[in-house]
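Observations on the model geometry
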Amino acid sequence: MSWATHYILKLQTEPEVEFRPRGNSMEPLVKDNQLVRVRKLAEDEPVEQGDIVLVTVQGRQFLHLVKAVQGNRVLIGNNRGGLNGWTPRKQVHGILVR
């Protein structure tokens, strides 16, 4: 069980979740321990480059940026130039709303 498993599971039954992510890889967009709100995405809802999403990439969970969209997959990375990799759109669990 990873840090975001609880929130991902809650998004299956609730429209939004709030939590405080740790780390500085998304600063200044999301600061360490900042309260954020993530909204569940509908299965057919598109994601776009620049969206901040709660996502699973190769078994690891992130609140990171969509760097690119290619068909039914998205490239995920942080705000410091790092890339986490491509993942299917179905692995995008929610989108940052606050």
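Above this text sits the structure in question.
Given the structure is predicted, the values throughout are model-derived calculations rather than measurements.

1. Considering unusual backbone geometry
A cis amide bond links E27 with the next residue in sequence, P28, at an omega value of 5°. With respect to the helices and strands, the residue P28 is situated in the loop between β1 (16-19) and β2 (36-40). A positive phi angle is found at N33, which is not glycine, with a value near 70°. Mapped onto the elements of the fold, N33 is located in the loop between β1 and β2.

2. Side note on the sheet that holds β2
One open sheet accounts for seven strands, arranged β1-β2-β7-β3-β4-β5-β6; its pairing is antiparallel. Since the sheet does not close on itself, it has two edges, and those belong to β1 and β6 (83-88), each with one partner. Each strand of the sheet is rotated relative to its neighbour by a mean of 40°, with strand direction disregarded. Bridge count for β2 against strand β7 (residues 92-96) is three bridges, and the pairing is antiparallel. For V38, the partnering residue across the bridge sits in β7 and is L96.

3. Brief notes about the nonpolar core
Side chains of a nonpolar character, in soluble globular proteins, are inclined to be buried together. By size, the foremost hydrophobic cluster in this structure holds 13 residues, and its most contacted members are F19, V30, V38, I52, L54 and L63. Going through the elements one at a time, β1, β2, β3 (52-57) and β4 (60-70) are the ones with two or more residues in this core. With eleven residues, the next largest nonpolar core counts L41, V53, V66 and I76 among its residues.

4. Quick look at the packing of aromatic side chains
The tally for this structure, following the rule as stated, stands at two aromatic pairs. Here the aromatic rings of Y7 and F19 are separated by 4.5 Å at their centres, their planes lie at 25°, and the arrangement is stacked. Of the two residues, Y7 is situated in helix α1 (residues 5-10) and F19 in strand β1; the sequence distance between them amounts to twelve residues. Counting every residue linked through ring pairs, the aromatic cluster contains W3, Y7 and F19.

5. Describing the layout of surface pockets
Estimated volume of the largest pocket: approximately 240 Å³. I8, L11, Q12, K40, L41, A42, E43, N72, R89, K90, V92 and H93 together form the lining of the largest pocket. Split into classes, the residues belonging to the lining of the largest pocket amount to five nonpolar, three polar and four charged. Computed from the structure, the second largest pocket encloses a volume of approximately 190 Å³. When its residues are assigned to classes, the lining of the second largest pocket shows six nonpolar, four polar and three charged.

Conventions used here
Residues numbered from 1 in each chain as written. Predicted model: local features only at pLDDT ≥ 70, side-chain atom pairs only at ≥ 80, totals over all residues. Heavy atoms only, no water. Helix = DSSP H or I, 4+ residues; strand = E, 2+ residues; numbered from the N terminus. Pairing = 2+ DSSP bridges. Axes fitted to C-alpha atoms, helices over the stretch in contact; angles between N-to-C directions. Core = buried A, V, L, I, M, F, W, Y, C linked by side-chain atoms within 4.5 Å. Buried < 20%, exposed > 50% of the residue type's maximum accessible area, 1.4 Å probe, protein only. Phe/Tyr/Trp six-rings, centres within 6.5 Å; stacked < 30°, edge-to-face > 60°. 1 Å grid on protein atoms, 1.4 Å probe; cavity = no way out; pocket = protein on both sides within 12 Å on 5 of 7 lines; lining within 4 Å. Points joined across faces, edges and corners; volume = space filled by probe spheres on them. Nonpolar A, V, L, I, M, F, W, Y, C, P; charged D, E, K, R; others polar.

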